[in-house]
Number of protein chains: 2
Amino acid sequence: MAVTKHSKQRDAIIEELCHRHDHPTAEELYLALKMKMPNLSLGTVYRNLNMLSDDGTIQKISVGGADHFDGNADNHYHMLCSECKRLYDVTYPVLEDIEKKAHDFVDGRITSHTITFIGVCNGCL
Amino acid sequence: MAVTKHSKQRDAIIEELCHRHDHPTAEELYLALKMKMPNLSLGTVYRNLNMLSDDGTIQKISVGGADHFDGNADNHYHMLCSECKRLYDVTYPVLEDIEKKAHDFVDGRITSHTITFIGVCNGCL
DNA sequence: TATAATAACAGTAACAATTATCATTATTGA
DNA sequence: TCAATAATGATAATTGTTACTGTTATTATA
């Protein structure tokens, strides 16, 4: 079902997600919001994050065994810290031509691509 | 604990994984092997796949909410079919310099990278 | 080759992340 | 204002994975 009506919970989820620059999991977001909306439900957070990422309003990134969410829906790359498992933005310019170039190496049609760097963040070094 | 002893189960897992060119999940591998080894345990498959990927003998790829395994441990790229959720090899040449180049855009140290193309495979088109 | 140490096993329980269900509440258009 | 229904909170169910436990298989050494 597509997003149609408004709700305080949904607005709060979007606002929280866009105003922080880490890439929280549903539960991390839930815990942060729970303080301001004590009877927020974890299911509501999951439901909204999935609807919004289906919509293309936000981005879902599945790495390290959990789904992380990113308020920035434009394609960009990430780094996963292998120590703390946090996900960071990598502002490396997007390889605009890689999908076209890769076409010859694939049996099918490419619609998008993701690059994930694995490493250790400064905090963990 | 590192891999030391041999076992029929482990050998069968490696053989099956290396002789097929899709990238099965633990369960897919389990179901295929179960036919030849009826009392194989799913836990054994998981345990071995994790030990072998810790060793660097095989590769674990976490995409689409599940872990897929690849008998080819050399870095190479993949395509995830958004229809059937199967994972395919992409023989696109590895971008040897991208980690060095990305260094300036990251707060930390990069140790590896993955590229995943998302698309629709020929079978699903 | 027998044996002792222990890695690996099967089976199952536990776990964490996510999704589905359902009765109630909030939003929206008429 | 009110009816239709999307969205919610609470909780149950599901899924993918890991941990536990008693038993079996492998291996190095005697």
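What counts as what
Residues numbered from 1 in each chain as written. Chains lettered and ligands numbered in written order. Predicted model: local features only at pLDDT ≥ 70, side-chain atom pairs only at ≥ 80, totals over all residues. Heavy atoms only, no water. Near = heavy atom within 4 Å. Polar contact = N/O pair within 3.5 Å; in protein donor to acceptor, adjacent residues only side chain to side chain. Helix = DSSP H or I, 4+ residues; strand = E, 2+ residues; numbered from the N terminus. Nonpolar A, V, L, I, M, F, W, Y, C, P; charged D, E, K, R; others polar. Salt bridge = Lys/Arg side-chain N within 4 Å of Asp/Glu carboxyl O. Buried < 20%, exposed > 50% of the residue type's maximum accessible area, 1.4 Å probe, protein only. Least-squares fit on C-alpha atoms with pLDDT ≥ 70 in both. Contact = heavy atoms within 4.5 Å. Buried area = accessible area lost by both parts, 1.4 Å probe. 1 Å grid on protein atoms, 1.4 Å probe; cavity = no way out; pocket = protein on both sides within 12 Å on 5 of 7 lines; lining within 4 Å. Points joined across faces, edges and corners; volume = space filled by probe spheres on them.

Enquirer: Before we move on, can you summarise the protein's contact with DNA strand C with the specific residues and values?
Expert: The local shell around DNA strand C holds 22 residues, among which Y46(A), K5(B), S7(B), R10(B) and T44(B) are the closest. Between DNA strand C and R47(B), the relevant distance is 2.9 Å, taken from a phosphate oxygen to a side-chain nitrogen or oxygen of the residue. Counting only elements with at least two residues in the surface near DNA strand C, the list comes to α3 (42-55) and β2 (66-70) of chain A together with α1 (8-19) and α3 (42-55) of chain B. The class makeup of the residues in the surface near DNA strand C is 7 nonpolar, 9 polar and 6 charged.

Enquirer: Residues and numbers for the pattern of salt bridges, please.
Expert: Residue and element names in this part refer to chain A. Evaluated as defined, the whole model comprises 8 salt bridges over all chains. Between D22 and R20 there is a salt bridge, and its shortest N-O distance comes to 2.9 Å. K60 is the partner of D67 in a salt bridge, and the nearest nitrogen-oxygen pair spans 3.6 Å. The exposure class assigned to D67 is partly exposed, which follows from its relative accessible area of 28%. A network of salt bridges, in which partner residues are shared, links E16, R20 and D22.

Enquirer: Please give an account of the relation of the copies chain B and chain A that cites residues and values.
Expert: Relative to chain A, chain B is turned by 179° and slid 0.0 Å along the rotation axis, the superposed coordinates differing by an RMSD of 0.2 Å. Read as a symmetry element, the transformation amounts to a two-fold axis. Across chain B, the rotation axis passes nearest the C-alpha of I115(B), at a separation of 2.3 Å.

Enquirer: Would you mind going over the interface of chain B and chain A in detail, with residue names and values included?
Expert: Taken together, the contacts link 32 residues of chain B with 31 residues of chain A. When the two sides are added together, the surface that chain B and chain A hide from each other amounts to roughly 2600 Å², 63% of it contributed by carbon and sulfur. Connecting chain B to chain A are 0 salt bridges. Counting the contacts that link chain B with chain A gives 10 residue pairs in polar contact (both at pLDDT 80 or more).

Enquirer: Kindly report on the layout of surface pockets, identifying the contributing residues and their values.
Expert: Put simply, the largest pocket is a space of about 1400 Å³. Around the largest pocket sit 46 residues that line it, and S62(A), V63(A), T114(A), S62(B) and V63(B) are the ones nearest its centre. Of all elements in the fold, only α3, β1 (59-63), β3 (77-81) and β5 (108-121) of chain A together with β1 (59-63), β3 (77-81) and β5 (108-121) of chain B reach the threshold of two or more residues within the lining of the largest pocket. Among the residues making up the lining of the largest pocket, the classes are represented as 15 nonpolar, 24 polar and 7 charged. Taken as a whole, the second largest pocket spans an internal volume of roughly 180 Å³. F105(A), V106(A), D107(A), H21(B), M79(B), Y88(B), D89(B), V90(B), C121(B), N122(B) and G123(B) together form the lining of the second largest pocket. Of the residues forming the lining of the second largest pocket, the biggest block, 3 residues, is contributed by strand β4 (residues 87-90) of chain B. Across the lining of the second largest pocket, the residue classes break down as 6 nonpolar, 3 polar and 2 charged.

By themselves, these are just geometric observations and shouldn't be taken as functional.
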